[in-house]
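Observations on the model geometry
So the chains spell out like this:
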Amino acid sequence: MRYFAELAYNGTNYSGWQRQPNNMTVQQQIEESMSVITRMPIEIMGCGRTDTGVHASQYFIHFDFEEELPKNFMLRLNRVLPKDIAFRRIFEVAADAHTR
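Residues numbered from 1 in each chain as written. Predicted model: local features only at pLDDT ≥ 70, side-chain atom pairs only at ≥ 80, totals over all residues. Heavy atoms only, no water.

**A short note on the packing of helix α1 (residues 26-38) against helix α2 (residues 73-80)**
Packing of α1 against α2 leaves a shortest axis separation of 10 Å and a crossing angle of 125°. With respect to their mutual orientation, α1 and α2 come out oblique. Of the two elements, α1 crosses α2, and the hand of that crossing is right-handed. Seen from α1, the contacting residues are Ser33, Met34, Ile37 and Thr38; seen from α2, they are Phe73, Arg76, Leu77 and Val80. Each residue belonging to the contact of α1 with α2 can be placed in one class, and the counts come to five nonpolar, two polar and one charged. (Axes fitted to C-alpha atoms, helices over the stretch in contact; angles between N-to-C directions. Helix = DSSP H or I, 4+ residues; strand = E, 2+ residues; numbered from the N terminus. Parallel < 35°, antiparallel > 145°, perpendicular 65-115°, else oblique. Left-handed = near helix turned anticlockwise from the far one by under 90°. Contact = heavy atoms within 4.5 Å. Nonpolar A, V, L, I, M, F, W, Y, C, P; charged D, E, K, R; others polar.)

What follows is the structure in structure tokens.
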């Protein structure tokens, strides 16, 4: 199944959105946190990219997960993530939907 998620983040502590070697990014932090909860590797696709230190008050991602999401997934995710990243909602979409 494909899911969209709406989130917000304060980018002060990150080297932008997109994964990069040797720097913590928002994407990396989210993927690692989701993978801890699901116990499976999760890759996400963001609706765009941001530079170092840039914030987002409304940002969308999509990800695929073939099993049912764990119980209270978003609540658990928000507890695992640092306080500067917050998920607002997660919802199922069509398999070909894309955040970009």
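Following the structure, the description resumes.
**A short note on the pattern of salt bridges**
Counted under the stated rule, the structure contains four salt bridges. Note that aspartate 64 is salt-bridged to arginine 2, the shortest N-O span being 2.7 Å. Placement of the pair is aspartate 64 in strand β3 (residues 56-64) and arginine 2 in strand β1 (residues 2-9), with a sequence separation of 62 residues. Here arginine 2 falls in the buried class, since its relative accessible area comes to 13%. One salt-bridge network, held together by shared partners, links Glu6, Arg88 and Arg89. (Salt bridge = Lys/Arg side-chain N within 4 Å of Asp/Glu carboxyl O. Buried < 20%, exposed > 50% of the residue type's maximum accessible area, 1.4 Å probe, protein only.)

**Description of the environment of methionine 1**
Structurally, methionine 1 can be placed in the segment before β1. Each C-alpha atom, one on methionine 1 and one on glutamate 92, is 7.1 Å from the other, the two residues being 91 residues apart in sequence. Setting aside chain neighbours within four positions, we find methionine 1 in contact with Phe63, Asp64, Phe65, Glu66 and Glu92.

**With respect to the sheet that holds β1**
Within the open sheet, the four strands sit side by side as β2-β3-β1-β4. Their pairing is antiparallel. Edge positions in the open sheet fall to β2 (44-46) and β4 (85-93), since each of these has one partner strand only. Mean inter-strand twist for the sheet, computed between neighbouring axes without regard to direction, equals 25°. Relative to β3, β2 is paired through three bridges, and the arrangement is antiparallel. The residue of β3 that forms the bridge with isoleucine 44 is phenylalanine 63. This element, α2, spans β3 and β4 of the sheet and lies at about 155° to β4. (Pairing = 2+ DSSP bridges.)

**As for the packing of aromatic side chains**
Inspection of the entire model under this criterion finds six aromatic pairs. On the basis of an interplanar angle of 70° and a centroid distance of 5.6 Å, the ring pair of tyrosine 9 and tyrosine 59 is categorised as edge-to-face. Pair noted here: tyrosine 9 is in strand β1 and tyrosine 59 is in strand β3, with a separation of 50 residues, a long-range link. The two residues tyrosine 9 and tyrosine 59 agree in class, both being buried. On the numbers, 6.4 Å between centres and 45° between planes, the contact of phenylalanine 63 with phenylalanine 73 is tilted. Taken as a pair, phenylalanine 63 in strand β3 and phenylalanine 73 in helix α2 lie far apart in primary sequence, ten residues in all. With relative accessibility at 1%, the residue phenylalanine 63 sits in the buried group. (Phe/Tyr/Trp six-rings, centres within 6.5 Å; stacked < 30°, edge-to-face > 60°.)

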